[in-house]
Amino acid sequence: MPSTTTASIRCAIIACMTLGILLLMPPANGQSIALTFDDGPNMADHIGLSAADRNAAILRQLAAARLKSILFVTRTDADPTRNELIRQWGASGHQVGNHTATHPNFEGTSLAAFEQELLACDQAIRDVPGFTRRFRFPYLKEGDTAEKRDGFLQFLDSNSYQTGPVSVDASDWYYSQRLSTRLKDHPNADTQPYRDAYLRHIYGRAEYYDGLSRTVLGRSVAHVLLLHHNLINALFLQDMIQMFKDKGWTLIDSDVAFKDPVYAMRPDILPAGESILWALAKKKGVPGLRYPAEDDVYEKPILDRLHL
Ligand SMILES: [Zn+2]
């Protein structure tokens, strides 16, 4: 018979192993989310922070959270300062993806011209550290005809490109715009109310799309949140990360999230695009979907009411 001491040690080992397994597993029904960034750095925008300071602030906050992300850029021009800011993403272990040369809306662009947009951007960024063949559609517009939609997916495939879909779409760009407008006229304005409204907005959209995920797939996907390289994220990214953690969400790297099989799904809808969950819900006929999916028409009254 084992001695009491041996039994205690065995119990302790079993407890440790169980704890270890539990720590490796995502919490039951827990939500996870990755942060991804589009556009920028916008060198012409100096309100609040310079482009270099915005870049450094976003990278610093990602590093503090030990998160790896992806920046989808439009073709970098000859501006060496902007190229350096983009290079810093790769040098910090993040990925750099393709977001076309000039950010056209596919719905107003021919398939051939849109293909050239990808190639021009590819040419300009393929030697940047962190470059990865992943493409995000500007405005999440993936084609207004079956020919364009399917033709471009074939083109991506033949160029060894993957798509960079999102599950959670939001209006960070609009909140940042409103904050910039205020700071332009009142450089010392209190930014905290913008922070609070912004965090509420982001969490509201995350919850909404997570609900859609459960409705259309019966599970919570590994979410991909679309953010932009802008002032409001430079100022409050850490607060957003903490908010998600406080709500029980797990922050994950973008390349981990993209492995969720939902991002390989191609719902047959036209026009194609928007959040993949929104597109799946539309295909399934889920009632009450708002369109345009994420537009300032929904956010303007909220910010007007708060005098922000
Ligand atoms: Zn964009």
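Residues numbered from 1 in each chain as written. Predicted model: local features only at pLDDT ≥ 70, side-chain atom pairs only at ≥ 80, totals over all residues. Heavy atoms only, no water.

Draft legend 1. Here's a closer look at the overall build of the chain. For the chain, the helix and strand inventory stands at 11 helices and 7 strands. In terms of C-alpha radius of gyration, the chain reaches 21 Å, essentially the compact-globule figure of 19 Å for 308 residues. Along the first, second and third principal axes, the C-alpha set of the chain runs to 80 × 50 × 45 Å. A burial count over the chain gives 48% of its 308 residues as buried. Long-range pairs, those at least 24 residues apart, make up 80% of the contacts in the chain between residues at least 6 apart in sequence. Split by element, the accessible area of the chain, about 14800 Å² in all, is 55% carbon and sulfur. (Helix = DSSP H or I, 4+ residues; strand = E, 2+ residues; numbered from the N terminus. Rg over C-alpha atoms; globule rule 2.2 N^0.38 Å. Buried < 20%, exposed > 50% of the residue type's maximum accessible area, 1.4 Å probe, protein only. Contact = heavy atoms within 4.5 Å. Areas by Shrake-Rupley, 256 points an atom, 1.4 Å probe, with all protein chains shown as cover.)

Draft legend 2. Fine view of unusual backbone geometry. Cis geometry marks the peptide bond from Gly40 to Pro41, where omega comes out at -10 degrees. Tracing the sequence through the fold places Pro41 in the loop between β1 (32–38) and α2 (51–64). Look at the link from Leu270 to Pro271: it is a cis peptide, with omega at -10 degrees. For Pro271, the location among the structural elements is in the loop between α9 (254–257) and α10 (276–284). Non-glycine residue Leu140 carries a positive phi angle of around 60 degrees. In this structure, Leu140 sits in the loop between β4 (131–135) and α5 (146–158).

Draft legend 3. Looking closely at the coordination of the zinc ion. Protein coordination of the zinc ion is provided by Asp39 (OD), His99 (NE2) and His103 (NE2), with donor distances spanning 2.0 to 2.2 Å. Every donor residue of the zinc ion comes from the same chain, spaced as D-x59-H-x3-H. (Donors = N, O, S within 2.8 Å, 3.2 Å for Na, K, Ca; no water.)

Draft legend 4. Looking closely at the environment of Leu270. Note that Leu270 resides in the loop between α9 and α10. Exposure remark for Leu270: the relative accessible area of 39% places this residue in the partly exposed category. Leaving out residues up to four positions away in the same chain, Leu270 has contacts with Gly143, Asp144, Thr145, Ala146, Arg149 and Lys282.

Draft legend 5. Local environment of the packing of helix α6 (residues 172–185) against helix α7 (residues 192–217). Relative to each other, α6 and α7 sit at 170 degrees, their axes nearing to 10 Å. In terms of their interaxial angle, α6 and α7 are classed as roughly antiparallel. Judged by residue contacts, Asp172, Tyr175, Arg178, Leu179 and Arg182 of α6 engage Tyr194, Ala197, Tyr198 and His201 from α7. (Axes fitted to C-alpha atoms, helices over the stretch in contact; angles between N-to-C directions. Parallel < 35°, antiparallel > 145°, perpendicular 65-115°, else oblique.)

Draft legend 6. Geometry of the pattern of salt bridges. Counted by the stated rule, this structure contains 17 salt bridges. Glu274 is the salt-bridge partner of Lys141, the closest N and O atoms lying 2.6 Å from each other. Taken together, the positions of Lys141 in the loop between β4 and α5 and Glu274 in the loop between α9 and α10 put the pair 133 residues apart, joining distant regions of the chain. Like Lys141, the residue Glu274 is buried in the burial classification. For Asp144, the salt bridge is made with Lys148, and the minimal N-O distance between the two is 2.9 Å. By relative accessible area, Lys148 is classed as buried at 11%. A single network of salt bridges, built from pairs that share partners, joins Arg205, Arg290, Glu294 and Glu299. (Salt bridge = Lys/Arg side-chain N within 4 Å of Asp/Glu carboxyl O.)

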